[in-house]
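Here is how the chains run, residue by residue.
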Amino acid sequence: MALATVALLLVPGLKAQDKYEQQMAAHTTVKVLPNGLTLVLSERHEAPVFSFYTLVDAGSADDPGGQSGLAHMFEHIAFKGTDQIGTTDYPAEKAALEKVEQAYAAYDAEFRKPVGRDEARLTSLHQAFEDAVKTAQTYVIPNQFSEIAEENGAVDLNASTEEDSTQYFWSMPSNRLELWAYLESSRIGWPVAREFYKERDVVNEERRMRIDSSPQGRLIEEFLAAAYMAHPYGRPGVGWESDITQVTATEAAAFHSKYYVPSNIVVAVVGDFDTQTALPILERYFGRIPAGPKPEPLTTVEPPQHAERTVVLREATQPIYVEGYHKPDYRDPDDSVYDAITDIFSNGRTSRLYRSLVRDQKIALVAEGFSGFPGNKFPGLFAFYALPQRGHTSDELRTAIHKELDTLKTTDVSDAELERFKTRARAELLRGLDDNSGIASELAEYQTRFGDWREMFKELAKIDAVTKADIRRVANKTFVESNRTSARIDFQAPTATPDSAGNGGAK
């Protein structure tokens, strides 16, 4: 990106913003295919490569009841191949996978019996299931999908599942555009849940590492469960163990049929290609995916909170303090005001929480606040967290954070703080548009959330419009006791056993 363009974007005002938008618009094309899938193509000829970003507008918040973690599970499935990739004989494999599902359904029905479960029959059914899995495995070519991509120059091959959406992305040489279109459209339209139960164990192990074996992970799980009574933001994105260990490939197929429909997907492609040449190729491959109705929106609304909720864990680990306040979703007119508060409270060594809790009072190792946790597609939380210094407590951190919030409610932020926020927000947008992958992700996100990628430039106008009075008003509306959920870990030494206390026991 030219230095003149960089300087242009950092200049306040709509004129500079509009000019940069016009420059980008001249190289960007949006095409909605007949099946409903949206393509966003943006030419950028700095190097003979391209990046893509496929955004499926479904995340862990969309997991069906009793199937938490399924969106994340499907992210894993997307790398297992298709009906043409990853198999030695798909017709035979398909029949074998059907037998796996039949065997698992029989085992699961016996396992779930609340009374009268026949343990001998359960053992026999589980063996039949394992035998069916082994048969299906004989048709699998492990990792073939990823290997084909990487052998053809794909780098940064990855995916992620959030509460609000699921993303797939990598970068590739420009002369492999058609191969990419074939690979990506195939795994969207015709994925195969091969090795599903093996991968289910991998996901459950991931849960054990991230939550069950992590005091901080357990704290956040308890924190969100306390903050949300109704909305699925209150459950862990990775899923509950009881759901993970019992979800089936059949249920995964139903999830795919509902959410991985073209009308629920945006694919952004950025890099060295000619749109007039590339668009027909992408239309041919992505246009063949069967159409389906866009999923109905989530209707559960979190009821207003009327009293503070508190979680306390006592463990032999580093203490930590967390608190959160309910706030509106990203479409709220005050969304940029929350961004301003995030910046003023938490952005670097000039931020209020760092200066007060870390530098001056020396009661915290780290202290930050941030907006939109665990997501922002639906009303989320403005959250704070801090780790106490040795010899200090969570209560001290809580008091110090509340003192800073009270100041925010009663006293205007400084001109310098407000200007730093606006300058950094422009710079952050610039950094997001600094390379192909960053541009692709921004295009897909804004096209999905607002129906128009140009909304990213309108964000700058919203940022410029934030005032000191807005910050006081939003702070007084949001940061109130009845809207607060707090959680903390207090250090508690492990209980000594007779052996560890030296009171006997074999050595």
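Heads up: the structure comes first, above all this text.
Computed from a predicted model, the values in this text were never measured in an experiment.

## Let's talk about the packing of helix α13 (residues 335-346) against helix α16 (residues 415-432)
Okay, step 1: Relative orientation of the contacting elements α13 and α16 amounts to 110°, with a least axis distance of 9 Å. Judged by the angle between their axes, α13 and α16 are roughly perpendicular. Contacts between α13 and α16 involve Ser-336, Asp-339, Ala-340, Asp-343 and Ile-344 from the first element and Glu-417, Arg-420, Phe-421 and Arg-424 from the second.
Okay, step 2: Residues that form the contact of α13 with α16 fall into these classes: three nonpolar, one polar and five charged.

## As for the environment of Ser-214
Okay, step 1: Along the chain, Ser-214 turns up in the loop between α8 (196-212) and α9 (215-227).
Okay, step 2: As for Ser-214 and Thr-317, which are separated by 103 residues in sequence, their C-alpha atoms are 9.8 Å apart.

## Some details on the side chain of Asp-329
Okay, step 1: Mapping Asp-329 onto the fold places it in the loop between β8 (320-326) and α13.
Okay, step 2: Residue classification places Asp-329 among the buried residues on the basis of a relative accessible area of 11%.
Okay, step 3: The residues touching Asp-329, leaving out its near neighbours within four places in the chain, are Asp-335, Asn-376, Lys-377, Phe-378 and Pro-379.

## Topic: the nonpolar core
Okay, step 1: Within the largest apolar cluster, 64 residues are counted, with the highest numbers of intra-cluster contacts made by Leu-39, Tyr-168, Trp-170, Trp-180, Val-269, Leu-282 and Phe-286.
Okay, step 2: Counting 51 residues, the second-largest nonpolar core is a separate cluster that includes Val-270, Ala-364, Ile-439 and Phe-457.

## Points about the packing of α13 against helix α19 (residues 468-478)
Okay, step 1: Between α13 and α19, whose axes approach to 10 Å, the crossing angle comes to 90°. In terms of orientation, α13 and α19 fall into the roughly perpendicular class. Facing α13, whose interface residues are Val-337, Tyr-338, Ala-340, Ile-341 and Ile-344, α19 presents Asp-470, Ile-471, Val-474, Lys-477 and Thr-478.
Okay, step 2: Classifying every residue of the contact of α13 with α19 by side-chain character gives seven nonpolar, one polar and two charged.

## Notes on the pattern of salt bridges
Okay, step 1: By the definition in use, this model includes 43 salt bridges.
Okay, step 2: Two residues, Arg-207 and Glu-221, come together in a salt bridge whose shortest N-O distance is 2.9 Å. Note that Arg-207 is positioned in helix α8 and Glu-221 in helix α9, a separation of 14 residues in sequence.
Okay, step 3: According to the relative accessible area criterion, Arg-207 is buried, its value standing at 5%.
Okay, step 4: Judged by its relative accessible area of 15%, Glu-221 falls in the buried class.

## Describing the pairing of strand β10 (residues 381-388)
Okay, step 1: Here β10 lies mainly inside the structure; seven of its eight residues are buried.
Okay, step 2: Bridge count for β8 against β10 is six bridges, and the pairing is antiparallel. In the sheet register, Glu-323 faces β10, and the bridge partner there is Phe-384.
Okay, step 3: Relative to β10, strand β9 (residues 364-373) is paired through eight bridges, and the arrangement is antiparallel. Looking at β10, one finds that Ala-367 is bridged to Ala-386.

## So, the packing of aromatic side chains
Okay, step 1: The final tally for this structure, using the stated rule, is 32 aromatic pairs.
Okay, step 2: Aromatic pair Tyr-104 and Tyr-107: ring centres 5.9 Å apart, planes at 55°, arrangement tilted. Here Tyr-104 and its partner Tyr-107 are both found in helix α4 (residues 90-111), three residues apart, which amounts to about one turn of the helix. Each member of the pair, Tyr-104 as well as Tyr-107, carries the same accessibility label: buried.
Okay, step 3: With centroids separated by 6.3 Å and ring planes inclined at 40°, the aromatic side chains of Tyr-338 and Phe-382 adopt a geometry described as tilted. Taken as a pair, Tyr-338 in helix α13 and Phe-382 in strand β10 lie far apart in primary sequence, 44 residues in all.

Conventions we followed
- Residues numbered from 1 in each chain as written.
- Predicted model: local features only at pLDDT ≥ 70, side-chain atom pairs only at ≥ 80, totals over all residues.
- Heavy atoms only, no water.
- Axes fitted to C-alpha atoms, helices over the stretch in contact; angles between N-to-C directions.
- Helix = DSSP H or I, 4+ residues; strand = E, 2+ residues; numbered from the N terminus.
- Parallel < 35°, antiparallel > 145°, perpendicular 65-115°, else oblique.
- Contact = heavy atoms within 4.5 Å.
- Nonpolar A, V, L, I, M, F, W, Y, C, P; charged D, E, K, R; others polar.
- Buried < 20%, exposed > 50% of the residue type's maximum accessible area, 1.4 Å probe, protein only.
- Core = buried A, V, L, I, M, F, W, Y, C linked by side-chain atoms within 4.5 Å.
- Salt bridge = Lys/Arg side-chain N within 4 Å of Asp/Glu carboxyl O.
- Pairing = 2+ DSSP bridges.
- Phe/Tyr/Trp six-rings, centres within 6.5 Å; stacked < 30°, edge-to-face > 60°.

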